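# A closer look at the structure
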Amino acid sequence: MSLLSPIAAYRHAIEHDGFQPDPAQQQAVEILQHCQEAIHSGASAVEGVYLWGPVGRGKTWLMDCFYQGLQVGARRQHFHHFMRWVHMRMFELTGTADPLKALAVELASKVRVLCFDELFVNDIGDAIILGRLFQVMFEQGVVVIATSNQPPEQLYADGFNRERFLPAITAIQHHMKVVSVAGEQDHRLHPCTLQTRYWIAEAGKPSALKATFDEFSGAHPVTEEPLAMGPRSIHVIKRSPDVIWCSFAQLCEQPLAAQDFIGLCDQFKAILLSEVPPLSSAQRDAKIARGTEDAPVKVEAGDRQLPRLSSKDDSVRRFIALVDECYDRKVPLYIEAAVPLEALYTEGYLEFAFRRTLSRLQEMQLTRFGH
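As a starting point, this report considers the structure included with it. Bear in mind that the values here come from a model prediction, so they are computed numbers and not experimental data. (Residues numbered from 1 in each chain as written. Predicted model: local features only at pLDDT ≥ 70, side-chain atom pairs only at ≥ 80, totals over all residues. Heavy atoms only, no water.)

### Describing the environment of Asp22
Counting through the fold element by element, Asp22 comes out in the loop between α1 (6–16) and α2 (23–40). Here the alpha-carbon distance between Asp22 and Ala182, two residues 160 residues apart in the chain, equals 9.7 Å. (Helix = DSSP H or I, 4+ residues; strand = E, 2+ residues; numbered from the N terminus.)

### Regarding the packing of α1 against α2
The contact between α1 and α2 brings their axes to 8 Å, and the two run at 150°. On α2, the residues touching Pro6, Ile7 and Tyr10 of α1 are Gln25, Gln26, Val29, Glu30, Leu32, Gln33 and Gln36. Of the residues contributing to the contact of α1 with α2, the split by class is 5 nonpolar, 4 polar and 1 charged. (Axes fitted to C-alpha atoms, helices over the stretch in contact; angles between N-to-C directions. Contact = heavy atoms within 4.5 Å. Nonpolar A, V, L, I, M, F, W, Y, C, P; charged D, E, K, R; others polar.)

### Observations regarding the sheet that holds strand β4 (residues 143–148)
Spatially, 5 strands are ordered β2-β3-β4-β1-β5 in an open sheet, and the strand pairing comes out parallel. This sheet does not close on itself; its edge strands, each paired only once, are β2 (74–78) and β5 (176–180). Taking each pair of neighbouring strands and ignoring which way they run, the sheet shows an average axis angle of 10°. Examined bridge by bridge, strand β1 (residues 48–52) and β5 share 5 bridges and lie parallel to one another. If you follow Leu51 over to β5, its bridge partner there is Val179. (Pairing = 2+ DSSP bridges.)

### Quick notes on the nonpolar core
Counting residues in each nonpolar core, the largest one holds 40 residues, and the members touching the most others are Leu251, Leu264, Ile271, Phe319, Leu333 and Leu344. When residues of this core are traced back to their parent elements, those giving at least two are β7 (227–229), β10 (243–247), α9 (248–252), α10 (258–267), β11 (270–276), α11 (313–329), β16 (333–337) and α12 (351–363). No other element matches the 8 residues that α11 contributes to this core. Apart from the residues lying within four places of it in its own chain, the contact partners of Leu264 are Leu227, Met229, Ile234, Ile244, Leu251 and Ile271. Ranked by size, the runner-up nonpolar core spans 38 residues in total, among them Val111, Val136, Ala146 and Phe160. (Core = buried A, V, L, I, M, F, W, Y, C linked by side-chain atoms within 4.5 Å. Buried < 20%, exposed > 50% of the residue type's maximum accessible area, 1.4 Å probe, protein only.)

### Describing the sheet that holds strand β6 (residues 198–200)
Spatial strand order, β6-β16-β11-β10-β9: 5 strands in an open sheet with mixed pairing. The open sheet has two edge strands with one neighbour each: β6 and β9 (238–239). The pairing of β10 with β11 spans 5 bridges and is classified as parallel. Looking at β11, one finds that Trp245 is bridged to Leu272.

### Here's the deal with the environment of Phe213
Looking at where Phe213 falls in the secondary structure, it is placed in helix α8 (residues 209–217). Phe213 gets classed as buried once you look at its relative accessible area, which sits at 1%. Each C-alpha atom, one on Phe213 and one on Leu272, is 7.6 Å from the other, the two residues being 59 residues apart in sequence. Not counting chain neighbours up to four residues away, the residues in contact with Phe213 comprise Val222, Lys238, Arg239, Ser240, Val243, Trp245 and Leu272.

### Re the packing of helix α4 (residues 79–92) against helix α5 (residues 99–110)
Contact geometry of α4 with α5 gives a least axis separation of 10 Å together with a crossing angle of 120°. In terms of their interaxial angle, α4 and α5 are classed as oblique. Relative to α5, α4 is oriented so that their crossing is right-handed. Contacts from Phe82, Trp85, Val86, Arg89 and Met90 of α4 reach α5 at Pro99, Leu100, Leu103, Glu106 and Leu107. In terms of residue class, the contact of α4 with α5 is built from 8 nonpolar, no polar and 2 charged. (Parallel < 35°, antiparallel > 145°, perpendicular 65-115°, else oblique. Left-handed = near helix turned anticlockwise from the far one by under 90°.)

### Let's talk about the side chain of Arg89
Mapped onto the elements of the fold, Arg89 is located in helix α4. Residue Arg89 is classed as buried on the basis of its relative accessible area of 16%. Within polar-contact distance, the side chain of Arg89 engages the side chain of Glu92 at 2.5 Å. Residues within four places of Arg89 in sequence aside, it is in contact with Leu103 and Glu106. (Polar contact = N/O pair within 3.5 Å; in protein donor to acceptor, adjacent residues only side chain to side chain.)

The values reported here are purely geometric and, on their own, carry no functional implication.
Below, the structure written as C-alpha coordinates:
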(Lines give C-alpha, C1' and ligand atoms only; values in the text may rest on other atoms or scores of the structure.)
Protein backbone atom coordinates (compact mmCIF):
# COMPACT_ATOMS: atom_id res chain seq x y z
CA MET A 1 0.00 0.00 0.00
CA SER A 2 1.35 3.43 -0.93
CA LEU A 3 2.14 5.86 1.85
CA LEU A 4 -0.46 8.54 2.46
CA SER A 5 0.48 12.21 2.61
CA PRO A 6 -0.83 14.20 5.58
CA ILE A 7 -3.65 15.72 3.49
CA ALA A 8 -4.64 12.34 2.01
CA ALA A 9 -4.64 10.72 5.47
CA TYR A 10 -6.75 13.55 6.90
CA ARG A 11 -9.31 13.34 4.08
CA HIS A 12 -9.52 9.57 4.46
CA ALA A 13 -10.13 9.93 8.22
CA ILE A 14 -13.00 12.37 7.62
CA GLU A 15 -14.58 10.36 4.79
CA HIS A 16 -14.18 6.86 6.23
CA ASP A 17 -13.32 6.95 9.95
CA GLY A 18 -15.91 9.36 11.30
CA PHE A 19 -13.49 12.22 12.03
CA GLN A 20 -15.08 15.65 12.43
CA PRO A 21 -13.74 18.45 10.17
CA ASP A 22 -11.75 20.96 12.19
CA PRO A 23 -10.36 24.23 10.73
CA ALA A 24 -7.40 24.21 13.14
CA GLN A 25 -6.49 20.66 12.12
CA GLN A 26 -6.96 21.53 8.45
CA GLN A 27 -4.45 24.39 8.74
CA ALA A 28 -1.95 22.15 10.53
CA VAL A 29 -2.34 19.41 7.91
CA GLU A 30 -1.60 21.84 5.09
CA ILE A 31 1.57 23.08 6.83
CA LEU A 32 2.71 19.51 7.49
CA GLN A 33 2.01 18.66 3.85
CA HIS A 34 4.24 21.50 2.64
CA CYS A 35 6.98 20.43 5.06
CA GLN A 36 6.85 16.83 3.86
CA GLU A 37 6.95 17.89 0.21
CA ALA A 38 10.00 20.07 0.88
CA ILE A 39 11.79 17.16 2.58
CA HIS A 40 11.00 14.76 -0.26
CA SER A 41 12.12 17.30 -2.86
CA GLY A 42 15.61 17.22 -1.32
CA ALA A 43 15.63 20.84 -0.18
CA SER A 44 18.67 21.53 1.99
CA ALA A 45 16.99 23.86 4.49
CA VAL A 46 13.52 22.80 5.60
CA GLU A 47 11.53 24.51 8.34
CA GLY A 48 10.18 22.09 10.96
CA VAL A 49 6.73 22.30 12.56
CA TYR A 50 5.79 22.91 16.21
CA LEU A 51 2.16 21.90 16.90
CA TRP A 52 0.77 23.19 20.17
CA GLY A 53 -2.65 23.44 21.76
CA PRO A 54 -4.93 22.03 24.47
CA VAL A 55 -5.18 18.30 25.08
CA GLY A 56 -7.38 16.26 22.77
CA ARG A 57 -7.00 18.39 19.63
CA GLY A 58 -5.35 15.67 17.56
CA LYS A 59 -1.74 16.93 17.62
CA THR A 60 -0.22 13.49 18.07
CA TRP A 61 -2.46 11.97 15.38
CA LEU A 62 -1.46 14.72 12.94
CA MET A 63 2.23 14.21 13.64
CA ASP A 64 1.88 10.45 13.23
CA CYS A 65 0.21 10.93 9.82
CA PHE A 66 3.19 13.05 8.80
CA TYR A 67 5.69 10.50 10.15
CA GLN A 68 4.00 7.50 8.53
CA GLY A 69 4.11 9.19 5.13
CA LEU A 70 7.84 9.99 5.22
CA GLN A 71 10.16 8.42 2.66
CA VAL A 72 13.41 9.46 4.38
CA GLY A 73 15.17 8.35 7.54
CA ALA A 74 13.13 9.44 10.57
CA ARG A 75 12.69 8.77 14.27
CA ARG A 76 9.47 9.21 16.22
CA GLN A 77 9.72 9.27 20.03
CA HIS A 78 7.94 10.47 23.09
CA PHE A 79 10.02 13.44 24.24
CA HIS A 80 10.99 11.96 27.61
CA HIS A 81 12.27 8.83 25.81
CA PHE A 82 14.42 11.03 23.60
CA MET A 83 15.83 12.90 26.58
CA ARG A 84 16.67 9.63 28.32
CA TRP A 85 18.67 8.63 25.23
CA VAL A 86 20.37 12.07 25.16
CA HIS A 87 21.51 11.74 28.78
CA MET A 88 22.81 8.24 28.12
CA ARG A 89 24.79 9.33 25.02
CA MET A 90 26.14 12.40 26.83
CA PHE A 91 27.53 10.10 29.52
CA GLU A 92 29.06 7.83 26.87
CA LEU A 93 30.60 10.84 25.12
CA THR A 94 32.30 12.07 28.30
CA GLY A 95 35.70 13.46 27.31
CA THR A 96 34.59 14.47 23.82
CA ALA A 97 35.48 18.09 23.06
CA ASP A 98 31.89 19.06 22.17
CA PRO A 99 29.60 16.17 23.14
CA LEU A 100 26.39 17.93 22.12
CA LYS A 101 27.71 18.61 18.63
CA ALA A 102 28.95 15.03 18.38
CA LEU A 103 25.49 13.83 19.38
CA ALA A 104 23.84 16.10 16.78
CA VAL A 105 26.22 14.89 14.05
CA GLU A 106 25.40 11.30 15.02
CA LEU A 107 21.67 12.01 14.78
CA ALA A 108 21.99 13.76 11.42
CA SER A 109 23.91 10.78 10.01
CA LYS A 110 21.01 8.47 10.85
CA VAL A 111 17.84 10.53 10.41
CA ARG A 112 16.63 13.49 8.38
CA VAL A 113 13.57 14.04 10.57
CA LEU A 114 12.94 13.85 14.32
CA CYS A 115 9.33 13.68 15.52
CA PHE A 116 8.79 14.51 19.21
CA ASP A 117 5.52 13.87 21.00
CA GLU A 118 4.69 15.89 24.14
CA LEU A 119 7.59 18.35 24.31
CA PHE A 120 7.51 19.50 27.91
CA VAL A 121 10.43 20.73 30.04
CA ASN A 122 10.41 20.83 33.84
CA ASP A 123 13.93 19.72 34.72
CA ILE A 124 16.91 22.08 35.00
CA GLY A 125 19.30 19.44 33.61
CA ASP A 126 17.14 18.96 30.49
CA ALA A 127 16.70 22.72 30.13
CA ILE A 128 20.46 23.37 30.08
CA ILE A 129 21.11 20.59 27.54
CA LEU A 130 18.27 21.69 25.28
CA GLY A 131 19.50 25.27 25.33
CA ARG A 132 22.30 24.19 22.99
CA LEU A 133 21.08 20.85 21.60
CA PHE A 134 18.30 22.38 19.51
CA GLN A 135 20.76 24.84 18.01
CA VAL A 136 23.28 22.19 16.96
CA MET A 137 20.58 19.81 15.64
CA PHE A 138 19.23 22.52 13.37
CA GLU A 139 22.77 23.41 12.26
CA GLN A 140 23.22 19.78 11.19
CA GLY A 141 20.08 19.95 9.06
CA VAL A 142 17.80 17.82 11.25
CA VAL A 143 14.14 18.70 10.66
CA VAL A 144 12.12 18.63 13.89
CA ILE A 145 8.37 18.08 14.16
CA ALA A 146 7.02 18.40 17.70
CA THR A 147 3.77 18.45 19.64
CA SER A 148 3.28 20.32 22.90
CA ASN A 149 0.56 21.71 25.12
CA GLN A 150 2.43 25.02 25.33
CA PRO A 151 3.70 27.60 22.82
CA PRO A 152 7.51 27.79 22.71
CA GLU A 153 7.70 31.01 24.73
CA GLN A 154 5.89 29.33 27.66
CA LEU A 155 8.14 26.26 27.87
CA TYR A 156 9.86 25.95 31.27
CA ALA A 157 8.12 29.25 32.14
CA ASP A 158 8.71 29.13 35.90
CA GLY A 159 11.84 27.01 35.75
CA PHE A 160 14.94 27.63 37.81
CA ASN A 161 17.75 29.29 35.77
CA ARG A 162 15.36 29.64 32.84
CA GLU A 163 17.82 31.91 31.03
CA ARG A 164 19.83 28.78 30.23
CA PHE A 165 16.85 27.48 28.23
CA LEU A 166 16.13 30.65 26.27
CA PRO A 167 18.51 29.74 23.37
CA ALA A 168 16.37 26.62 22.78
CA ILE A 169 13.23 28.77 22.47
CA THR A 170 15.00 31.11 20.04
CA ALA A 171 16.17 28.13 17.95
CA ILE A 172 12.64 26.66 17.84
CA GLN A 173 11.13 29.97 16.73
CA HIS A 174 13.85 30.39 14.09
CA HIS A 175 13.75 26.89 12.60
CA MET A 176 10.20 25.66 13.17
CA LYS A 177 6.83 26.99 12.08
CA VAL A 178 4.75 27.40 15.23
CA VAL A 179 1.15 26.25 14.63
CA SER A 180 -1.70 26.54 17.11
CA VAL A 181 -4.01 23.50 17.03
CA ALA A 182 -6.58 24.97 19.38
CA GLY A 183 -9.92 24.02 17.85
CA GLU A 184 -13.07 24.06 19.94
CA GLN A 185 -13.49 20.27 19.93
CA ASP A 186 -11.79 17.78 22.24
CA HIS A 187 -11.70 14.90 19.77
CA ARG A 188 -10.95 12.37 22.50
CA LEU A 189 -14.36 12.98 24.02
CA HIS A 190 -16.47 12.17 20.95
CA PRO A 191 -19.08 9.47 21.60
CA CYS A 192 -17.55 6.00 21.76
CA THR A 193 -18.16 2.73 23.55
CA LEU A 194 -16.85 2.90 27.10
CA GLN A 195 -14.60 0.33 28.77
CA THR A 196 -14.45 0.85 32.52
CA ARG A 197 -10.86 1.10 33.66
CA TYR A 198 -11.37 3.47 36.61
CA TRP A 199 -13.30 2.68 39.77
CA ILE A 200 -13.96 4.50 43.03
CA ALA A 201 -13.13 2.32 46.03
CA GLU A 202 -16.06 1.46 48.30
CA ALA A 203 -15.39 0.97 52.00
CA GLY A 204 -15.94 -2.59 53.18
CA LYS A 205 -16.17 -4.04 49.67
CA PRO A 206 -13.58 -6.12 47.80
CA SER A 207 -11.45 -4.36 45.23
CA ALA A 208 -13.03 -3.99 41.81
CA LEU A 209 -9.61 -4.81 40.34
CA LYS A 210 -9.76 -8.47 41.44
CA ALA A 211 -11.96 -9.50 38.52
CA THR A 212 -9.71 -7.68 36.07
CA PHE A 213 -6.62 -9.34 37.52
CA ASP A 214 -8.25 -12.76 37.29
CA GLU A 215 -9.23 -12.12 33.67
CA PHE A 216 -5.68 -11.24 32.62
CA SER A 217 -3.92 -13.88 34.71
CA GLY A 218 -6.17 -16.72 33.53
CA ALA A 219 -4.61 -20.09 34.34
CA HIS A 220 -1.11 -18.66 34.74
CA PRO A 221 0.62 -18.91 38.12
CA VAL A 222 0.11 -15.97 40.48
CA THR A 223 2.67 -14.71 42.97
CA GLU A 224 2.97 -11.99 45.59
CA GLU A 225 6.76 -11.98 45.38
CA PRO A 226 8.42 -8.61 44.62
CA LEU A 227 9.37 -7.96 41.00
CA ALA A 228 13.08 -7.50 40.31
CA MET A 229 13.54 -4.42 38.11
CA GLY A 230 17.24 -3.79 37.57
CA PRO A 231 18.78 -2.90 40.95
CA ARG A 232 15.32 -2.34 42.48
CA SER A 233 12.59 -4.62 43.75
CA ILE A 234 8.99 -3.52 43.24
CA HIS A 235 6.58 -4.81 45.85
CA VAL A 236 3.26 -5.98 44.45
CA ILE A 237 -0.19 -6.98 45.58
CA LYS A 238 -0.19 -9.76 42.97
CA ARG A 239 1.38 -10.50 39.62
CA SER A 240 1.34 -13.13 36.93
CA PRO A 241 3.17 -13.30 33.58
CA ASP A 242 0.71 -10.93 31.83
CA VAL A 243 -0.51 -8.57 34.55
CA ILE A 244 0.84 -6.75 37.60
CA TRP A 245 -1.25 -5.29 40.44
CA CYS A 246 0.34 -2.72 42.74
CA SER A 247 -0.84 -0.12 45.21
CA PHE A 248 -0.19 3.57 44.57
CA ALA A 249 2.36 3.56 47.38
CA GLN A 250 4.26 0.65 45.81
CA LEU A 251 4.61 2.29 42.39
CA CYS A 252 4.43 6.04 42.96
CA GLU A 253 5.76 6.66 46.46
CA GLN A 254 8.97 4.70 45.92
CA PRO A 255 12.13 6.02 44.15
CA LEU A 256 11.13 4.67 40.74
CA ALA A 257 11.85 6.44 37.45
CA ALA A 258 10.47 6.53 33.91
CA GLN A 259 12.88 3.70 33.02
CA ASP A 260 11.12 1.44 35.54
CA PHE A 261 7.71 2.17 34.02
CA ILE A 262 9.13 1.44 30.57
CA GLY A 263 10.25 -1.93 31.94
CA LEU A 264 6.77 -2.64 33.30
CA CYS A 265 5.19 -1.90 29.93
CA ASP A 266 7.79 -4.13 28.25
CA GLN A 267 6.86 -7.04 30.50
CA PHE A 268 3.11 -6.82 31.17
CA LYS A 269 -0.02 -6.61 29.03
CA ALA A 270 -1.91 -4.69 31.73
CA ILE A 271 -1.08 -2.72 34.89
CA LEU A 272 -3.46 -2.43 37.85
CA LEU A 273 -3.10 0.38 40.39
CA SER A 274 -5.19 0.50 43.55
CA GLU A 275 -5.40 2.64 46.71
CA VAL A 276 -4.87 5.86 44.74
CA PRO A 277 -5.51 8.75 47.15
CA PRO A 278 -6.56 12.31 46.31
CA LEU A 279 -3.41 13.81 44.79
CA SER A 280 -4.03 17.53 45.32
CA SER A 281 -2.09 19.47 47.93
CA ALA A 282 -1.39 23.12 48.61
CA GLN A 283 1.79 24.66 47.20
CA ARG A 284 4.61 25.58 49.57
CA ASP A 285 7.29 28.24 49.31
CA ALA A 286 10.85 26.92 49.13
CA LYS A 287 14.32 28.42 48.89
CA ILE A 288 17.79 27.18 48.14
CA ALA A 289 20.13 27.79 51.05
CA ARG A 290 23.32 29.76 50.56
CA GLY A 291 26.29 27.86 49.18
CA THR A 292 24.37 24.89 47.78
CA GLU A 293 24.17 23.55 44.26
CA ASP A 294 21.23 22.67 42.06
CA ALA A 295 22.08 19.84 39.63
CA PRO A 296 25.07 20.97 37.52
CA VAL A 297 24.43 24.66 38.16
CA LYS A 298 26.23 26.43 40.99
CA VAL A 299 23.91 28.66 42.98
CA GLU A 300 25.29 32.13 43.41
CA ALA A 301 25.59 33.67 46.87
CA GLY A 302 22.23 34.43 48.40
CA ASP A 303 18.94 32.61 48.65
CA ARG A 304 17.08 31.55 45.52
CA GLN A 305 13.36 30.98 45.22
CA LEU A 306 12.36 27.52 44.03
CA PRO A 307 9.06 26.56 42.34
CA ARG A 308 6.21 26.38 44.84
CA LEU A 309 5.97 22.61 45.00
CA SER A 310 3.27 20.64 46.74
CA SER A 311 3.85 17.91 49.32
CA LYS A 312 2.64 15.09 47.05
CA ASP A 313 4.26 16.28 43.82
CA ASP A 314 7.06 13.68 43.77
CA SER A 315 4.52 10.86 43.76
CA VAL A 316 2.31 12.78 41.30
CA ARG A 317 5.26 13.10 38.89
CA ARG A 318 5.71 9.33 38.99
CA PHE A 319 1.97 8.83 38.43
CA ILE A 320 2.13 11.14 35.40
CA ALA A 321 5.15 9.23 34.04
CA LEU A 322 3.31 5.92 34.51
CA VAL A 323 0.22 7.17 32.68
CA ASP A 324 2.36 8.62 29.87
CA GLU A 325 4.17 5.32 29.35
CA CYS A 326 1.00 3.23 29.41
CA TYR A 327 -0.70 5.64 27.02
CA ASP A 328 2.22 5.78 24.60
CA ARG A 329 2.62 2.00 24.59
CA LYS A 330 -1.14 1.24 24.54
CA VAL A 331 -0.86 -0.79 27.74
CA PRO A 332 -4.20 -0.62 29.62
CA LEU A 333 -3.94 0.95 33.08
CA TYR A 334 -6.74 -0.03 35.48
CA ILE A 335 -7.17 2.24 38.50
CA GLU A 336 -9.12 2.10 41.75
CA ALA A 337 -9.04 5.45 43.57
CA ALA A 338 -10.57 7.23 46.53
CA VAL A 339 -12.16 9.99 44.42
CA PRO A 340 -13.64 10.44 40.93
CA LEU A 341 -11.23 10.89 38.05
CA GLU A 342 -11.96 14.62 37.68
CA ALA A 343 -11.18 15.16 41.38
CA LEU A 344 -7.82 13.38 41.44
CA TYR A 345 -5.67 16.52 41.12
CA THR A 346 -7.28 19.94 41.31
CA GLU A 347 -4.64 21.98 43.14
CA GLY A 348 -0.86 22.06 43.12
CA TYR A 349 2.28 22.95 41.19
CA LEU A 350 1.63 20.25 38.55
CA GLU A 351 -1.93 21.34 37.76
CA PHE A 352 -1.07 22.28 34.16
CA ALA A 353 0.86 19.07 33.47
CA PHE A 354 -1.94 17.00 34.99
CA ARG A 355 -4.48 18.25 32.43
CA ARG A 356 -2.82 16.04 29.83
CA THR A 357 -2.81 13.12 32.28
CA LEU A 358 -6.54 13.58 32.95
CA SER A 359 -7.29 13.66 29.22
CA ARG A 360 -5.25 10.51 28.67
CA LEU A 361 -6.97 8.69 31.51
CA GLN A 362 -10.31 9.66 30.00
CA GLU A 363 -9.25 8.26 26.62
CA MET A 364 -8.13 5.05 28.30
CA GLN A 365 -11.79 4.47 29.21
CA LEU A 366 -12.64 3.90 25.53
CA THR A 367 -12.79 0.45 23.93
CA ARG A 368 -10.46 1.57 21.11
CA PHE A 369 -7.61 1.88 23.62
CA GLY A 370 -5.47 -1.17 24.36
CA HIS A 371 -7.09 -4.45 25.37
